[in-house]
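A closer look at the structure
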Amino acid sequence: MTETQMSTYWEYLKSWTEDLRVLIQKATIESMGIWCFIYMTFYAYLDLFILGGVSHLNAQEHAFSKLTCGAIKTAELAGAIFNHKNDKIGHYDIFCFWWWQHVGVPFTIPDVSNNQFQSFCDAAAALILYLDDFLAILESLHANKHNSTLNHMETNLKNALECSKTRSKLAVLAITTEAISYPYMKAICTSSDKNQNMLDLGPLHSKVYDHIQKIIADPNILIDADADYRTATLNGEEWENSAVVAKILELAPELPYFHELLVAFLSGALETWE
C-alpha cells in the first residue's frame, strides 16, 4: 500500500461520519435498520479505497450506490430466499429438504428479517462455512426451474457469493464476530448472574478497546494460519464456531485485501468505541 493510498484511505474514513447524515436523509432505511445501514455505508467507503482513484467529490454518490452491495446485502438476500419471515415466500421447505439430503445435517440460515445486527454476523459465517453448498443449491434451483432461469434475487445472491471482494467482507464480519462480538456478548449476558451493572463492566469495555488495538497492530494473531484462540479472542476461550474460523483461514490467501479490510473495519470500530 502506497503512502498516497493510505492518506486517501484515512481521509475517506474521516469523511464517512460527516457524510453519513446526508446519506441517511437520502435513503429509506426503516426496512434494514440503522446499524445495518451504517455498516453498509462504511463498507461503501472501503470500496472507494479498494478501487482507488475515485474523487472524494463522488464519495457520497458512490457510497449511496453501494448500499445494496456487500456482506450485509448478501446475508439479507440469502435470508429472504431461504428463510423468509413469510413462509409462503422463498424456498424454505426446498432448502431444508435439499440441505438434509445433500449435506446431511439439519440447518436453517439465520433469520435476518428482524433487523438484528447479530443475525447478519451469523448469516455471514454460515455463507462462508457452507459457501460451496449455497452455490450448489442455487445451481439446483436453476436446473429445476421450468424456464431454467434464476430470478433477480437468486442471481444477485449467486453473483455475490462468487465475488471474491464480497467473500472478503463476509469473512471480515465473521472473523471479528468470533474474536470480539461473541465473547463480549457472553460477558454481557452472564453479568446479571454476578449482579453486575454497566458501571461494573467498565474494565470489560476497556478490555475490548485494548483487544481491538492489539489486532490492528498485529492482524496475524487473528488471521494467520496458526492463529490461536487464546490470543485471538477477547476472553481467551475457544472459538464459538471453530469450523467457521478454519474455513476463513483456509480461504484467506484467496481473499483480496482481507488484511486491509480487517484493519479498516476494526479501526472504524475502535473510533466508535472511544
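Keep in mind that this is a model prediction, so the values were computed, not measured. Throughout this document, residue positions are counted from 1 along each chain, in the order its sequence is written. A pLDDT threshold of at least 70 governs which residues receive local features in this predicted model, and a stricter bar of 80 or more applies before side-chain atom pairs are shown or counted, although totals over entire chains, interfaces and linings include all residues. Remark: hydrogens and water are excluded; side-chain values derive from all non-hydrogen atoms of the structure.

**Structural notes on the overall build of the protein**
Of the regular secondary structure elements, the protein holds 14 helices and zero strands. Each helix is a run of H or I in the DSSP string that is no shorter than four residues. Each strand is a run of E no shorter than two, and both are numbered from the N terminus. Going from the N terminus to the C terminus, the protein shows its helices and strands as α-α-α-α-α-α-α-α-α-α-α-α-α-α. Counting every position in the protein, which comprises 274 residues, the buried fraction comes to 45%. Contact between two residues is taken to exist if any of their heavy atoms lie within 4.5 Å; hydrogens are not considered. Of the contacts formed within the protein by residues at least 6 apart in sequence, a portion of 69% connects residues at least 24 apart. Three exposure classes are used, based on accessible area relative to the maximum for each residue type with a 1.4 Å probe and protein chains only: buried under 20%, partly exposed in between, and exposed over 50%.

**Some details on the nonpolar core**
Among the buried residues, those of types Ala, Val, Leu, Ile, Met, Phe, Trp, Tyr and Cys that are joined through side-chain atoms within 4.5 Å form a nonpolar core. With 64 residues, the main nonpolar core has Phe82, Phe134, Leu161, Leu222 and Phe258 as its most contacted residues. With nine residues, helix H9 (residues 164-191) is the largest single contributor of residues to this core. With sequence-adjacent residues up to four places away left out, Phe134 is seen in contact with Phe82, Phe95, Trp99, Phe107, Ile109, Ala126, Leu127 and Leu161.

**Looking at the packing of helix H10 (residues 202-217) against helix H14 (residues 258-273)**
The interhelical angle for the contact between H10 and H14, taken along N-to-C directions, is 150°, at an axis separation of 9 Å. Classed by the angle they form, the pair H10 and H14 counts as roughly antiparallel. The hand of the H10/H14 crossing is left-handed. Listed contacts from H14 to His205, Val208, Tyr209, Ile212, Gln213, Ile215 and Ile216 of H10 are Leu262, Val263, Leu266, Ser267, Leu270 and Trp273. For the contact of H10 with H14, the residue count by class is 10 nonpolar, three polar and no charged. Orientation is described by lines fitted to C-alpha atoms, with helices fitted over the stretch in contact, and by angles between N-to-C directions that extend from 0 to 180 degrees. Angular relationships are summarised with four words: roughly parallel below 35 degrees, roughly antiparallel beyond 145, roughly perpendicular across 65 to 115, and oblique for the angles in between. Crossings are assigned a handedness: left-handed for a near helix turned anticlockwise from the far helix by less than a right angle, right-handed for a clockwise turn. The nonpolar class holds Ala, Val, Leu, Ile, Met, Phe, Trp, Tyr, Cys and Pro. Asp, Glu, Lys and Arg form the charged class, and all remaining residues, Gly among them, are polar.

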